[in-house]
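Structural features, examined
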Amino acid sequence: MDYQKLKSGTDVRGSAMEIPGTPVELTDQAVEDIASAFLVWCESYLDIPARELRIAVGRDSRLSGPRIMEALRRALVQCGVQCLDCGLASTPSMFMAVLDLPCHAAIQITASHHPWHRNGLKFFTKDGGLDGPDIGKVLDLANQGACPAPAQGGTWTPSPHMEQYAAHLRRMIQEGVRAGEDEHPLAGFKIAVDAGNGAGGFYAQQVLAPLGADVSGSRFLEPDGHFPNHIPNPEDKIAMASAQEMVTESQADLGIIFDTDVDRAGVVDSSGREINRNRLVALAAAIALEKTPGGTVVTDSITSDGLRSFIEDTLGGKHHRFMRGYKNVINESQRLNREGCQSPLAIETSGHAAFQENYFLDDGAYLVTKIIIKLAALRREGKGLNDLLAPLREPAEAQEVRIPILEDDFRARGEALIASLEAHAKAQGWHIAPDNREGIRASFPQGEGEGWFLVRLSVHDPILPINIESDVPGGAALIRGKLRDFFQANAGGLDCAAL
């Protein structure tokens, strides 16, 4: 097969277990070919022969993980690589393994929140995760059958790196809550973790409990690649409802929900209210800007107007909306810093949060660790997370509509339609956001919807996602009606039924 079909942004992803109508794409041969190609890429990028490389390998809880791990072992060891088997591990921990062990590179076997039968590969060097173009190069090399010469001396050694990573998070909390010599700084806190049977159970067992937190209300900590309870995804409504129920039933001070590989997280406050999407961005921004007053927070494009007001008027920072895609947001924040604009945080509404102080690594466990430290500080003041977020103005209504593009060249059709919509918006006198960096965002005054829409082209799929928010009941319907009129007049090559 053409391995480029397995490219998914900055990851390799595909079906890894046979289900009716879906052939296995990540076969043993595919994994071995891609691993060999990665070694060739490393030889060029790192200027180190494959036989001298030291590479860490980890996996999430997916059923196909052990099989793929074994395929990686065969491919790497035969080229003389010294491999460190980190076993069940979070994706962020595998980047940290490059720095901590240390090693030259790391590979994580994961497909994030995708269905149980899928899996994938993420690659890291000391410079972070491979970007889209680098993944493309690796897959090109795999298509060419590129492989280093076989070499003796390859090894496969178990590594307890997750213990080292958990210890780092514990030290963060001890130092952050100014506990001094107190070995149990979280005594008196009840914190419940919903790991969704992914890789995040370690956070309750190896981070919170040893520090004295009561984690008895936690759920689904045991890894199970069938994901029998709910999809491990903070954005999933069923998963978030499970986390909210967990908090209210256990009367926890805080609830935490991770995705499968722990690069994303959401939280639930003590009242059972979710802190997700705009509320999570607001909370992370408040934490990041404490150390960087006036700094710039980079978010994706679908954040609300109320969030901008919170970041700029309440926190005194700057809000820089950018494109969807967590890597896009991270790269933009890094660019701003290189140009002299202090940007301590890059965060996407999906829950990917990357702090400058943490190598711009999107790490759900690091994010919730920062939140727990903030929660402890607020408790000393007799306050809670709700007090911190009280000034955040939230929309009365929020909707997302997804319009499929039916034409083969979906990107050209989508771009042409967005250009037509922009011309239509100007002709109608709609206010077009001057700082929008993706698609078209337009807002409307009182009486015309009192809100905004964003129409953009999906990063990977033949879809036009449409986000609509309004500050008044019924406003989203007014805005949606304006868009419906336009799309009905320009429906060629589209499925507009969702509008």
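So, how was this worked out
Residues numbered from 1 in each chain as written. Predicted model: local features only at pLDDT ≥ 70, side-chain atom pairs only at ≥ 80, totals over all residues. Heavy atoms only, no water. Pairing = 2+ DSSP bridges. Helix = DSSP H or I, 4+ residues; strand = E, 2+ residues; numbered from the N terminus. Contact = heavy atoms within 4.5 Å. Axes fitted to C-alpha atoms, helices over the stretch in contact; angles between N-to-C directions. Phe/Tyr/Trp six-rings, centres within 6.5 Å; stacked < 30°, edge-to-face > 60°. Buried < 20%, exposed > 50% of the residue type's maximum accessible area, 1.4 Å probe, protein only. Polar contact = N/O pair within 3.5 Å; in protein donor to acceptor, adjacent residues only side chain to side chain. Parallel < 35°, antiparallel > 145°, perpendicular 65-115°, else oblique. Left-handed = near helix turned anticlockwise from the far one by under 90°. Nonpolar A, V, L, I, M, F, W, Y, C, P; charged D, E, K, R; others polar.

Here we look at the sheet that holds strand β12 (residues 274-275)
- Read across the open sheet, the 4 strands follow the order β9-β10-β11-β12; overall the sheet is mixed. Because the sheet does not close on itself, it has two edges, and the strands there are β9 (191-194) and β12.
- Strand direction decides the pairing type here: strand β11 (residues 265-268) and β12, joined by 2 bridges, are antiparallel. Bridge assignment links V267 to a residue of β12, and that residue is I275.
- On the sheet, helix α11 (residues 364-380) packs against β9, β10 (254-258) and β11 and is oriented at approximately 170° with respect to β10.

Regarding the packing of aromatic side chains
- Scanning the entire structure with this criterion turns up 13 aromatic pairs.
- On the basis of an interplanar angle of 65° and a centroid distance of 5.9 Å, the ring pair of F95 and Y359 is categorised as edge-to-face. Pair noted here: F95 is in helix α3 (residues 91-100) and Y359 is in the loop between β16 (353-355) and β17 (361-362), with a separation of 264 residues, a long-range link.
- Aromatic pair Y203 and F258: ring centres 5.7 Å apart, planes at 75°, arrangement edge-to-face. Taken together, the residues Y203 in helix α6 (residues 201-208) and F258 in strand β10 connect sequence positions 55 residues apart. Exposure class is identical for Y203 and F258. Each is buried.

Considering the environment of R62
- Residue placement: R62 occurs in the loop between β3 (54-59) and α2 (65-77).
- Sequence spacing of R62 and G382 is 320 residues, and the spatial spacing of their C-alpha atoms is 42 Å.
- Leaving out residues up to four positions away in the same chain, R62 has contacts with T110, A111, S112, H113, H114, P115, W116, R118, N119, G225, F227 and T260.
- Within polar-contact distance, the side chain of R62 engages the backbone oxygen of A111 at 3.4 Å.
- Within polar-contact distance, the side chain of R62 engages the backbone oxygen of R118 at 3.1 Å.

Observations regarding unusual backbone geometry
- Cis peptide bonds are those with omega within 30 degrees of zero, and the linkage from L101 to P102 qualifies with -15°.
- Checked against the element boundaries, P102 lands in the loop between α3 and β5 (105-109).
- In this structure, Q251 is a non-glycine residue whose phi angle is positive, near 55°.
- Here Q251 lies in the loop between α7 (237-250) and β10.
- Residue F360 is not a glycine yet carries a positive backbone phi of 55°.
- Checked against the element boundaries, F360 lands in the loop between β16 and β17.
- Overall, F360 belongs to the buried group, its relative accessible area being 10%.

A closer look at the sheet that holds strand β19 (residues 431-432)
- The antiparallel open sheet is built from 5 strands, whose spatial order is β18-β22-β21-β20-β19. Both outer strands of the open sheet, β18 (397-404) and β19, are each paired with one neighbouring strand and no more.
- Across the sheet, helix α13 (residues 410-428) touches β19, β20 (440-444), β21 (451-455) and β22 (463-470), and the angle it forms with β20 is around 30°.

As for the packing of α6 against α11
- The interhelical angle for the contact between α6 and α11, taken along N-to-C directions, is 45°, at an axis separation of 12 Å. Classified by the interaxial angle, the pair formed by α6 and α11 is oblique. Note that α6 runs across α11; the crossing there is right-handed. Listed contacts from α11 to F202, Y203 and L208 of α6 are A365, V368, T369 and I372.
- Of the residues that constitute the contact of α6 with α11, the class distribution is 6 nonpolar, 1 polar and no charged.

Worth remembering: the numbers are spatial, not functional.
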